[in-house]
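# Residue-level structure breakdown
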Amino acid sequence: MLTRHEQVPTGLYVRSVIVVSAFGVGALWLMRRLLDDGLYLLSSAVAAVTIFLVLVYLRRRYSAMRWMAIGIGITVLFAVYPILYNLYIGFTNMGSGHLFTKEQAIERLEDEQYLPQDAPTFRWLGYRKDDSFALLLVSDDGAVQFATDDGSIETLELTDPEAEQPGDINGYRPMATSEVAPMLDELADVAFGEPPTTIRVQSLREAAATVPRYRFDRDADAMVDLTDGTIYQAVEGSFVDADGNALIPGFMTGVGVDNFKRFLTNQNLRGPLTRALVWNFVFAFASVALAFSVGLTVAMLFEDLPGRRWIRALLIVPYPIPVLVSVLIWRSMLNPDLGTIGQFLARVFGSSPQFFLDPTWTRIALIMVNIWLSYPYFYVISSGAMRSISTDMLDAAEVDGASPWQEFRFISLPQILMITMPLLIASFSFNFNNFNLIFIFNNGNPPMAGTVIPIGHTDILISFIYKLAFVSSSTSDYGLGAAISVLLFVVVGSVTYFQIRATKALEAR
Amino acid sequence: MRRKDRWRAGALLVALTLLIAACGESSTDETSAPATETTTTTEAATTTTTEAATTTAAPAGENLTLWVYDDGRIPILTELGEEFAEEYGVGVTVEAVDLAELRNQMLLGASGSGPDLAIIPHDNLGALVENGAVEAVDLGDKAGEYLPNSIDGFMYNGELYGVPLAVENIGFFYNTDLVDTPPATWDEVAEVGRALVDSGDVDVVIGLPDLTYNSYPVYTSFGGYIFGQDASGSFTADDIGMTNEGMVAGLTWIESLVDEGLVPENVDWDASHVLFETGKEAFIMTGPWAINRFQDAGVPYAVSAFPAAEEGGEPGYPFLGVQGLIVSASSDQLLLAEAFALEKIATEESMKAIWEAEPRPSAWASVFALADDADTQGFNAAGIDAVPMPSIPAMGFVWDAWVAAGTLVMTGELGPEASLTQAVEQILAQIEESG
């Protein structure tokens with residue numbers, strides 16, 4: 001190694017320095033933008049990845065890693081970081097009403113102005129002398145004052161109060177609306193007249209002697225309402241007064257394991273959650289087992305048929321159709337009153353099962369649709385697996401007088417299972433979280449009666465959690481959602497772990 | 001080796017210096033701005049004005065940004081923006097942005113990336129206000145020029161947070177081949193429908209796909225409501241009407257029709273429309289968005305006000321949707337944005353121009369009254385007493401619980417009163433849970 005990197009020509013090295021610098025410029029620019037938006041975590045993740053990449057590409061000692069480095073960088077940014085961030089959010093109160101950082105919330109509140117009860121309001125006109133400004137203030141009773149930005153205010157006796165805008169005053173010239181408007185918000189930051197009762201521009205037409213509404217007391221960690229002295233203590237992401245009234249907006253803060261506790265100790269959740277979990281396992285297991293059986297059967301049936309290529313092409317049809325489309329089509333076909341299947345069943349049996357109102361029938365329909373959606377996949381993998389079974393063993397079994405069923409049961413199936421087991425496990429995990437199907441087919445309905453938290457008979461964990469944390473877009477509780485998804489990961493993770501161990505045991509046999 | 005290393009370090013150093021220099025330029029003026037904003041002394045004021053002076057030199061960068069979530073109004077708003085620019089020297093850039101994206105950008109208030117102004121449907125207002133993303137506006141005397149219920153749509157915690165532009169509500173449709181005059185009461189709906197079903201003319205009297213939004217007028221005609229309003233017109237979660245007699249009576253009426261086989265216990269929104277289009281359904285409650293498909297299908301229809309609970313009673317009213325212009329609290333040109341909303345948009349002239357460019361019922365009363373086609377007049381008659389859909393966060397808990405209540409009655413698991421009681425329990429539990 002050492003000898004090799006001695007030989008790298010300096011020209012090449014200069015070129016890589018240039019490329020890396022260009023990359024660094026991009027990364028620094030990105031980090032700056034992220035910092036401006038207050039995304040310190042993401043910014044540091046980008047920084048870490050950038051430093052790593054720069055080191056790898058500039059230090060010859062690490063040159064062996066250069067092909068892997070980009071992959072690692074992308075993994076860190078798009079997989080590891082989101083996971084860690086999700087974990088972090090799980091320990092915060094992030095959600096509607098708590099989206100700002102504390103600093104942002106304080107800034108918002110301190111910006112709020114307040115107009116004391118008896119304070120006068122004025123109509124104003126802008127005046128300017130080079131870089132200093134002044135306001136001509138007309139109060140409701142017609143009195144006219146002239147306030148400048150260097151602290152003076154004087155009462156004017158206008159010769160012609162009817163005139164829309166008087167001419168030059170004290171060397172200041174009047175500004176046209178088109179000159180005032182573009183700098184309106186800069187003017188609003190300027191205090192006119194004599195302190196402490198300075199007058200500020202309130203809108204394009206109005207000015208008033210307003211005072212800030214809130215002041216943040218850093219020592220007490222509290223917001224003080226300057227109008228009546230109420231103290232709003234910072235508690236768990238909100239400024240709250242003694243009566244429990246909170247100021248808007250609140251801010252994001254760490255809440256420890258509160259989200260986890262809320263979820264795990266909630267009495268109202270326990271019943272629905274257990275039922276969702278049981279159905280979740282049944283749904284995932286039944287879907288995979290049945291779809292695999294159908295796929296395998298189809299594969300065996302059509303193995304030796306003439307024209308199987310065409311048949312195969314037709315069998316695969318469900319596969320490339322987007323899940324959304326197929327589920328919606330199934331949904332309309334199963335409609336008891338109007339759907340093709342519903343009407344057919346009604347004609348044959350007198351009435352159609354309520355595929356969307358009856359819990360059992362909804363579950364049966366869901367599993368059926370899922371079989372239809374996923375059997376082509378199992379058909380493809382099992383017909384592949386069947387090809388790899390050695391014919392010697394099958395021939396030997398035949399000589400020994402085994403029946404075709406015995407051949408299948410004791411020779412083909414174990415081998416096929418061994419090959420496809422990892423895929424079956426992956427499918428199980430996928431179906432365990434098959435939000436799309438559940439959500440599109442019937443949104444987890446029909447609803448359960450007698451629960452305090454709305455939940456449907458066909459809700460699986462993930463769709464239930466979706467309802468719980470994002471019941472509506474107006475009440476997003478990201479902290480709780482993240483905490484639950486961490487717990488969900490533990491469930492799915494351990495299920496997968498035991499399955500993998502089971503597979504290994506199977507293989508060892 | 002060592003020499004080479006030093007050379008390398010030198011190259012890096014140069015690159016980094018260049019970089020920092022490049023970044024430094026933008027960082028200085030960004031950091032100094034907040035400093036002047038917070039100080040109030042005259043000295044600071046002078047600094048600010050110097051900045052103001054520099055900005056006048058380049059007014060091109062001072063454009064206001066207005067986000068709209070549907071593009072129908074972009075041309076007219078752009079035109080109004082140009083007029084505003086002529087008068088006030090500041091242009092308005094109108095951009096179409098997906099509603100979810102619009103909401104997120106405004107909620108996060110990310111520096112400089114959000115709009116100064118936006119048009120939103122009013123039911124999004126609650127979340128924006130609760131997160132401090134919207135600035136209150138003061139319409140002053142002009143408020144009287146608007147439909148009072150359109151103003152209610154943008155009232156939140158006693159303050160007005162937007163300038164209403166247009167209103168939208170569902171109406172009561174009937175098939176004019178089958179029904180001559182719109183029924184005045186729900187009993188009459190059942191009576192007329194029963195005769196049509198018995199004679200085999202229709203399969204379904206009226207499709208009620210969700211028993212919530214599209215069926216709300218049934219509940220309201222009996223006196224039901226979801227959340228009450230306080231004196232200022234703001235909704236409050238302290239007053240939940242979901243278990244009152246009216247809601248129960250409405251759901252009981254629906255249940256009786258289902259039991260009689262006049263209304264299917266489970267019908268899709270789309271299926272219900274198809275039934276109406278094919279003449280298999282006598283009545284349907286739906287919005288202006290269904291007009292095109294009804295016309296394409298060639299079904300003879302008329303829109304009218306909703307029936308009442310009893311002869312001479314108050315007709316049912318639907319939810320009102322209000323679209324309005326809001327000012328982002330993250331805008332660094334707050335006053336200017338407000339000036340555009342209040343001085344330019346909230347005028348009869350502009351409101352009329354907007355309505356003419358895209359004829360949705362205007363929130364400006366005198367323009368609202370200009371509607372002259374039968375459909376719009378029908379919708380307006382149906383929606384004249386409409387109450388805005390509450391935009392308080394608690395409304396988010398209502399939908400699922402309400403749908404569940406209706407479904408449980410349809411499956412026969414619970415009676416109307418029990419199912420609505422469960423719904424209220426669910427809503428209250430979630431309100432408490434969310435703090």
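How each quantity is defined
- Residues numbered from 1 in each chain as written.
- Chains lettered and ligands numbered in written order.
- Predicted model: local features only at pLDDT ≥ 70, side-chain atom pairs only at ≥ 80, totals over all residues.
- Heavy atoms only, no water.
- Helix = DSSP H or I, 4+ residues; strand = E, 2+ residues; numbered from the N terminus.
- Buried < 20%, exposed > 50% of the residue type's maximum accessible area, 1.4 Å probe, protein only.
- Contact = heavy atoms within 4.5 Å.
- Areas by Shrake-Rupley, 256 points an atom, 1.4 Å probe, with all protein chains shown as cover.
- Pairing = 2+ DSSP bridges.
- Polar contact = N/O pair within 3.5 Å; in protein donor to acceptor, adjacent residues only side chain to side chain.
- Phe/Tyr/Trp six-rings, centres within 6.5 Å; stacked < 30°, edge-to-face > 60°.
- Lys NZ or Arg CZ within 6 Å of the ring centre and 35° of its normal.

### Remarks on the overall build of chain B
- The helix and strand tally for chain B stands at 17 helices and 15 strands.
- Across the 435 residues of chain B, 53% fall into the buried class.
- For chain B, long-range pairs separated by at least 24 residues make up 74% of all intrachain contacts whose partners lie at least 6 apart in sequence.
- Taken as a whole, chain B presents about 17600 Å² of accessible surface, with 52% of it coming from carbon and sulfur.

### Quick look at the environment of A:L41
Residue and element names in this part refer to chain A.
- Looking at the element boundaries, L41 is found in helix α3 (residues 40-58).
- A relative accessible area of 40% places L41 in the partly exposed class.
- In the structure, L41 is positioned 44 residues away from Y85 in sequence and 8.2 Å away in space, judged by C-alpha atoms.
- Other than its neighbours up to four places away in sequence, L41 contacts Y81, Y85 and Y88.

### So, the pairing of strand β14 (residues 319-328) of chain B
Residues and elements named next belong to chain B.
- Across the 10 residues of β14, 9 count as buried, placing the element largely inside the fold.
- Bridge count between strand β3 (residues 117-121) and β14: 5 bridges; the pairing is antiparallel. Across the sheet, residue I119 finds its bridge partner in β14, namely L325.
- Relative to β14, strand β4 (residues 134-135) runs antiparallel, the two being bridged by 2 bridges. Looking across to β14, one finds that E135 is bridged to V327.
- Across 5 bridges, the pairing between strand β7 (residues 163-168) and β14 is antiparallel. Along β14, the bridge assignment pairs P164 with G324.

### Section: unusual backbone geometry
- A cis amide bond, omega 0°, links A:I248 with the succeeding residue A:P249.
- Position of A:P249 relative to the elements: it lies in the loop between β13 (238-240) and α8 (258-265).
- Residue A:N445 is joined to A:P446 through a cis peptide bond whose omega torsion reads 5°.
- As for its placement among the helices and strands, A:P446 is situated in the loop between α16 (435-442) and α17 (461-470).
- Positive phi, close to 50°, is recorded for B:N157, a residue that is not glycine.
- Along the chain, the position of B:N157 falls in the loop between β5 (155-156) and β6 (159-160).

### Quick look at the side chain of B:K344
Residues and elements named next belong to chain B.
- Looking at the element boundaries, K344 is found in helix α12 (residues 334-345).
- A polar contact of 2.9 Å, which involves the side chain of K344, links it to the side chain of E83.
- Sequence-distant contacts of K344, defined by excluding residues within four places in its chain, comprise L80, E83, F84, A339 and S350.

### Points about the packing of aromatic side chains
- Going through the model one piece at a time under the given rule, you end up with 44 aromatic pairs over all chains.
- Note on B:F319 and B:W402: the rings are 6.4 Å apart at their centroids and 85° apart in plane angle, and the pair reads as edge-to-face. With B:F319 in strand β14 and B:W402 in helix α16 (residues 395-410), this residue pair connects regions lying 83 residues apart in the sequence. Considered together, B:F319 and B:W402 belong to a single accessibility category, that of buried residues.
- Feature note: the residues B:Y213, B:Y216, B:Y219, B:Y317, B:F319, B:W399 and B:W402 constitute an aromatic cluster, connected by ring pairs.
- Between A:R331 and the ring centre of A:F356, over which it is positioned, the NZ or CZ distance is 4.8 Å.

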